[in-house]
Amino acid sequence: MFKQIITTSLIAGALALPAFAAPLTVTLEGVEDRGAPLYVGVQTEEQFMQEDGIAGEKLESPEPGTITVTFDLPEGAYSVSVWHDLNKNGEFDMLENQMPNEGWAMSNQAALRGMPTFDVVKVDVGAEGASITETVIYPD
């Protein structure tokens, strides 16, 4: 499902947004050099954990370290999901204990205590925009 969210977000991101848009800047720290695609998806509350998204970007083989991407969005609340497809199989792989077996990050991930809810991970984007910084978490 995670793959579908981000893939659909990439397609939705190609659609025109209203002229009055604000920047959402997403900075990802700790990106590892894995020679694999990294996906960043943005969703509204109605799209959260579904297949639709309002914006997204795919980085084919990102450089290690810190990466910044920016999305122009209408004012509102959004979630940001990141997935580093380490084995390049096009699926977000989970371990038997339901923990991710891929690199991942999510907006406001420090507040997560189990399955994410929109209220926990949302980012409010006002007229002046918003910025978040998250660390990509990799399996051991």
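Residues numbered from 1 in each chain as written. Predicted model: local features only at pLDDT ≥ 70, side-chain atom pairs only at ≥ 80, totals over all residues. Heavy atoms only, no water.

A. Structural context of the overall build of the protein. A count of helices and strands for the protein gives 2 helices and 8 strands. Of the regular secondary structure in the protein, the N- to C-terminal order runs α-β-β-β-β-β-β-α-β-β. By the burial criterion, 48% of the 140 residues in the protein qualify as buried. Nonlocal contacts in the protein, meaning residues at least 24 apart in sequence, comprise 73% of its contacts between residues at least 6 apart. When the accessible surface of the protein is split by element, carbon and sulfur atoms take 50% of a total near 7300 Å². (Helix = DSSP H or I, 4+ residues; strand = E, 2+ residues; numbered from the N terminus. Buried < 20%, exposed > 50% of the residue type's maximum accessible area, 1.4 Å probe, protein only. Contact = heavy atoms within 4.5 Å. Areas by Shrake-Rupley, 256 points an atom, 1.4 Å probe, with all protein chains shown as cover.)

B. Up close: the nonpolar core. Ranked by internal contacts, the top residues of the largest apolar core, which has 26 residues, are Leu 24, Leu 28 and Val 42. Among the elements that line this core, the one with the most residues is strand β1 (residues 22-31), at 5 residues. By size, the runner-up hydrophobic cluster in this structure holds 9 residues, among which are Tyr 39, Phe 48, Met 106 and Leu 112. (Core = buried A, V, L, I, M, F, W, Y, C linked by side-chain atoms within 4.5 Å.)

C. Structural view of the sheet that holds β1. Across the sheet, 3 strands lie side by side as β4-β1-β8; this open sheet has mixed pairing. Because the sheet does not close on itself, it has two edges, and the strands there are β4 (65-73) and β8 (130-135). On average, adjacent strands in this sheet sit at an angle of 15° to one another, irrespective of strand direction. Inspection of the sheet shows β1 paired to β8 by 6 bridges, in the parallel sense. Bridge pairing in β8 links Glu 29 to Thr 135. (Pairing = 2+ DSSP bridges. Axes fitted to C-alpha atoms, helices over the stretch in contact; angles between N-to-C directions.)

D. Structural detail: the environment of Leu 112. Its place among the elements puts Leu 112 in the loop between β6 (103-106) and α2 (118-121). Relative accessible area serves as the criterion here: at 16%, Leu 112 is assigned to the buried category. Excluding anything up to four places from it in sequence, Leu 112 contacts Trp 104, Met 106, Val 120 and Val 121.

E. How the structure looks around the confidence of the model for the protein. Looking at the protein, the pLDDT average stands at 88 and 86% of residues meet or exceed 70. Note that pLDDT drops below 50 for residues 11-15; the model gives that stretch 5 contacts with residues more than four away or on any other chain. (pLDDT = per-residue confidence, 0-100.)

F. Region of the structure containing the side chain of Ser 79. Within the secondary structure layout, Ser 79 lies in strand β5 (residues 76-84). Given a relative accessible area of 1%, Ser 79 falls into the buried group. In this structure, Ser 79 is in contact with Gly 41, Val 42, Gln 43, Phe 48, Ser 107, Phe 118 and Val 121, ignoring residues within four places of it in sequence.

G. Structural view of the environment of Glu 128. Relative to the helices and strands, Glu 128 resides in the loop between β7 (123-125) and β8. On a C-alpha basis, the gap between Glu 128 and Leu 24 in space is 9.3 Å, while along the polypeptide they are 104 residues apart.

H. Region of the structure containing the packing of aromatic side chains. Tallying each qualifying case throughout the model produces 3 aromatic pairs. Measuring from centroid to centroid gives 6.3 Å for Trp 83 and Phe 92, while their planes differ by 85°, and the two rings are edge-to-face. Phe 92 sits in the buried class, given a relative accessible area of 18%. Through pairs of rings, three or more aromatic residues link up here, namely Tyr 39, Trp 83 and Phe 92. (Phe/Tyr/Trp six-rings, centres within 6.5 Å; stacked < 30°, edge-to-face > 60°.)

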